[in-house]
Amino acid sequence: PQFLATEQTRDLWPSLDSVFGAGSFDADNTATRWGAFYASGSRYALALQSEWGRPQQARYGAATAAGLTTPPTKTVLDASASAFGHKVEKLHRTIFKEIRSYRRLGIHARACELPRDDPRRRAFLGAAEDRVSLQFFTGTPMRHCRFTTQEYHSSVQNALGLPQCRLKSILGRPITNNANCPTARVDP
């Protein structure tokens, strides 16, 4: 499409007009911009038309796995095969960013369904919800910030979602900061 003539640009390859259709990518033709290309019978056109359904199916599958019955509308993936891509910068990135967000929601939902003491749950939620735990572990020790053995063990256990061995002596003790607040207990 960028090689074709539009209202603002001259065409680089005039011979492509017969394949893509003259004026197909003008502002007035946003709903049928790919129609002439598909009608050309080119094997690339047919492949593009059939491939447009794959990211839509991937989004639907990821949204369903995340527990969403209907994904939000008005996204890039809601466009038809004849109209997709109009005024979308970095189309591929935009499409897969949306799909990845639904996959992430699905994985998060599956992690939350695991038992609270499951190391996989704690590792995933710790990494997903507590950026400090991973940065602290991978960003140190350094010369100006040396860990003691206990601090290093604690950071590794935190990053991997393992129980904190330094908390064994206080497990089950109440945590209070105000008489009006509910009492919580120290858990691993």
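Within each chain, residues carry numbers counting from 1 in the order of the written sequence. Totals for whole chains, interfaces and linings use all residues, but because this is a predicted model, local features are given only for residues with pLDDT of at least 70 and pairs of side-chain atoms are given and counted only at 80 or more. Excluding hydrogens and water, the side-chain values take into account all heavy atoms of the structure.

Novice: Could you give an account of the overall build of the protein chain, naming the residues involved and the relevant values?
Specialist: Helix and strand assignments come from DSSP, with helices taken as H or I runs of at least 4 residues and strands as E runs of at least 2, each series counted from the N terminus. Across its full length, the protein chain carries eight helices and two strands. For the protein chain, the sequential pattern of α-helices and β-strands runs α-α-α-α-α-α-α-α-β-β. Every one of the 188 residues in the protein chain was classed for burial, and the buried ones make up 24%. For the protein chain, the share of sequence-separated contacts (at least 6 apart) that also reach a separation of at least 24 residues comes to 37%. Counting only carbon and sulfur atoms, one obtains 56% of the accessible surface of the protein chain, whose full area is about 13,400 Å². Remark: exposure states derive from per-residue accessible area (1.4 Å probe, protein chains only) relative to the maximum for the residue type, with buried under 20%, exposed over 50%, and partly exposed in between. Here a residue-residue contact requires only that any non-hydrogen atoms of the pair lie within 4.5 Å. Computed with the Shrake-Rupley method and a 1.4 Å probe, the accessible areas treat only the protein chains shown as cover for residues.

Novice: Describe a positive patch on the surface, and please don't skip the residues or the numbers.
Specialist: Residues enter patches when their relative accessible area tops 30% and they take part in no salt bridge; the joining distance is 9 Å for like charges and 5 Å for the nonpolar side chains Val, Leu, Ile, Met, Phe, Trp and Tyr. Salt bridge, as used here, is a side-chain nitrogen of Lys or Arg placed within 4 Å of a carboxyl oxygen of Asp or Glu. The convention is simple: Lys and Arg are positive, Asp and Glu are negative, and His and the chain ends are not counted. We put the charge of a Lys on NZ, of an Arg on CZ, of an Asp on CG and of a Glu on CD. On the surface, Lys90, Arg93, Lys97, Arg100, Arg103 and Arg104 cluster together into a positively charged patch. Looking at the element boundaries, Arg100 is found in helix 5 (residues 91-113). Residue class for Arg100 comes out partly exposed when judged on its relative accessible area of 43%.

Novice: Summarise the packing of helix 3 (residues 43-51) against helix 4 (residues 53-65); cite the residues concerned and give the values.
Specialist: Contact pair helix 3 / helix 4: the axes reach a minimum separation of 5 Å and the direction vectors enclose 10 degrees. The angle between helix 3 and helix 4 falls in the class roughly parallel. Within the contact between the two elements, helix 3 uses Gln49, Ser50 and Glu51 and helix 4 uses Gly53, Arg54 and Pro55. Residue composition of the contact of helix 3 with helix 4, by class: one nonpolar, three polar and two charged. Lines fitted to C-alpha atoms define the axes here, with helix axes fitted over just the stretch in contact, and angles between the N-to-C directions of these axes take values from 0 to 180 degrees. In these notes the angle categories are as follows: under 35 degrees is roughly parallel, over 145 is roughly antiparallel, 65 to 115 is roughly perpendicular, and the rest is oblique. Note on residue classes: Ala, Val, Leu, Ile, Met, Phe, Trp, Tyr, Cys and Pro are nonpolar, Asp, Glu, Lys and Arg are charged, and everything else, Gly too, is polar.

Novice: Any chance you could break down the environment of Asn29 for me, citing the residues and the numbers?
Specialist: Looking at the element boundaries, Asn29 is found in the loop between helix 1 (17-20) and helix 2 (35-39). Sequence separation between Asn29 and His86 is 57 residues, and the spatial gap between their C-alpha atoms is 9.7 Å. In contact with Asn29, not counting residues within four places along its chain, are Gly23 and Ser24.

Novice: Residues and numbers for the nonpolar core, please.
Specialist: Soluble, globular proteins show a tendency: their nonpolar side chains are buried together. Put simply, a nonpolar core is a bunch of buried Ala, Val, Leu, Ile, Met, Phe, Trp, Tyr and Cys residues held in one set by side-chain atoms that sit within 4.5 Å of each other. Among the nonpolar cores identified, the biggest contains 14 residues, and Phe20, Trp34, Phe37, Tyr38, Trp52 and Ile95 are the most heavily contacted of them. Filtering out sequence-adjacent residues up to four positions away, Tyr38 remains in contact with Ala45, Leu46, Leu48, Gln49, Ala81, Ser82 and Phe84.

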